[in-house]
Amino acid sequence: MTTPRLWLIIPAAGAGKRMNSARPKQYLSLRGSLILDLAIESMSDCFASDNTALAGCIVAISVDDPWWCDTRASQNDRVTSVTGGQERADSVLAALDALDGQAGPDDWVLVHDAARPCLHPDDLNRLLTELKDHQVGGLLAAPVTDTLKKTAAGGQDVLETVDRSQLWRALTPQMFRFGILRCALKSALAAGLPVTDEASAVEQAGYFPCIVEGRPDNIKITVPADLALADFVLSRF
Ligand SMILES: Nc1ccn([C@@H]2O[C@H](COP(=O)(O)OP(=O)(O)OP(=O)(O)O)[C@@H](O)[C@H]2O)c(=O)n1
Ligand SMILES: C[C@](O)(CO)[C@H](O)COP(=O)(O)O
């Protein structure tokens, strides 16, 4: 049996509307680097010269992206770009489709948000180690530690307190077998099902992704306040 190769997919085609910034958040600067570069370089162990498992890295960027050419990643010969889609899931599927004919069904695909520069190498290595023999794959996730309240849609009156004992916050990277992920994502999108992460498509296909506990500081840069938090987190790596 051939050794499964490893493909990285970086969804980076979002508009970053919630950041309300002059350019998409993945192209904002943090500690002197572009957030997209920090997110890709957080996976540097995968790019290590002795890591022969890495087959390639595909970054999904928007069709009118003028910033990609200014990134360090665009100068890396192991990184290629594809045009992303309307939603995150469309961008990930575009990258998967670009691997058609290159990736084998049992190859691993790691999907990591360009908006997550705070991935700690220990979490990446734990994900790779714990899932290396898994037949489907899984994701980094952090336990919910706050009390959770539920309101009516658009309302502010608390309807109930939600039991958090079995709840997790999904993070990235999410790591799945290429064949399973591509088929699951195509099916979910074709059915118009809500897919905000790779695991939800795989779940809808009837599989049970495996959770690997990750650090809660692997934050997704989403709103302006996240920038200072990410700067602090990275200062402590
Ligand atoms: N059509 C899209 C939408 C999002 N993403 C990427 O998916 C990641 C996580 O998505 P999110 O935080 O929702 O980013 P945006 O969609 O850009 O944010 P917003 O909803 O505030 O516009 C980001 O790296 C973003 O660039 C993508 O590749 N293609
Ligand atoms: C994939 C993800 O990072 C998991 O938490 C998250 O869902 C992506 O952000 P979005 O706002 O849902 O697109």
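Calculation rules
Residues numbered from 1 in each chain as written. Chains lettered and ligands numbered in written order. Predicted model: local features only at pLDDT ≥ 70, side-chain atom pairs only at ≥ 80, totals over all residues. Heavy atoms only, no water. Helix = DSSP H or I, 4+ residues; strand = E, 2+ residues; numbered from the N terminus. Rg over C-alpha atoms; globule rule 2.2 N^0.38 Å. Buried < 20%, exposed > 50% of the residue type's maximum accessible area, 1.4 Å probe, protein only. Contact = heavy atoms within 4.5 Å. Areas by Shrake-Rupley, 256 points an atom, 1.4 Å probe, with all protein chains shown as cover. Axes fitted to C-alpha atoms, helices over the stretch in contact; angles between N-to-C directions. Parallel < 35°, antiparallel > 145°, perpendicular 65-115°, else oblique. Left-handed = near helix turned anticlockwise from the far one by under 90°. Nonpolar A, V, L, I, M, F, W, Y, C, P; charged D, E, K, R; others polar. Near = heavy atom within 4 Å. Polar contact = N/O pair within 3.5 Å; in protein donor to acceptor, adjacent residues only side chain to side chain. Pairing = 2+ DSSP bridges.

Some remarks on the overall build of the protein
- Across its full length, the protein holds 7 helices and 11 strands.
- Taking 237 residues into account, the globule formula puts the C-alpha radius of gyration at 18 Å, and the protein, at 18 Å, falls close to it.
- Looking at the 237 residues of the protein, the share that counts as buried comes to 46%.
- For the protein, the share of sequence-separated contacts (at least 6 apart) that also reach a separation of at least 24 residues comes to 72%.
- With the model as given, the accessible surface of the protein reaches about 12,000 Å², and the carbon-plus-sulfur share is 51%.

Notes on the packing of helix H3 (residues 88-98) against helix H5 (residues 178-190)
- Following both chains from N to C, one finds H3 and H5 inclined at 135°, their axes separated by 10 Å at the closest point. Judged on the interaxial angle alone, H5 and H3 are oblique. Crossing handedness for the pair H3 and H5: left-handed. Counted together, Ala89, Asp90, Val92, Leu93, Leu96 and Asp97 of H3 and Phe178, Leu181, Arg182, Leu185, Lys186 and Leu189 of H5 form the full contact between these two elements.
- For the contact of H3 with H5, the class distribution of residues is 8 nonpolar, no polar and 4 charged.

Section: the site of ligand 1
- In the vicinity of ligand 1 lie 19 residues, with Gly16, Lys17, Arg18, Lys25 and Ser91 positioned nearest.
- Within the contact set of ligand 1, an oxygen atom lies 2.9 Å away from a backbone nitrogen or oxygen of Ala13.
- In the complex, 89% of the free accessible area of ligand 1, which totals 560 Å², lies under the protein chains.
- When residues of the shell around ligand 1 are traced back to their parent elements, those giving at least two are strand E1 (6-12) and H3.

Some remarks on the sheet that holds strand E4 (residues 54-61)
- Pairing is mixed across the open sheet formed by 7 strands, whose spatial order is E5-E4-E1-E6-E10-E7-E11. Two strands bound the open sheet, and with one partner strand each, they are strand E5 (79-83) and strand E11 (210-213). Strand-to-strand, the axes of this sheet are offset by a mean angle of 30°, without reference to chain direction.
- With 4 bridges connecting them, E1 and strand E6 (residues 108-111) associate as parallel partners. Bridging across to E6, Leu8 finds its partner in Leu110.
- Running over the sheet, H3 touches E1, E4, E5, E6 and strand E10 (168-177) and is turned about 145° from E1.

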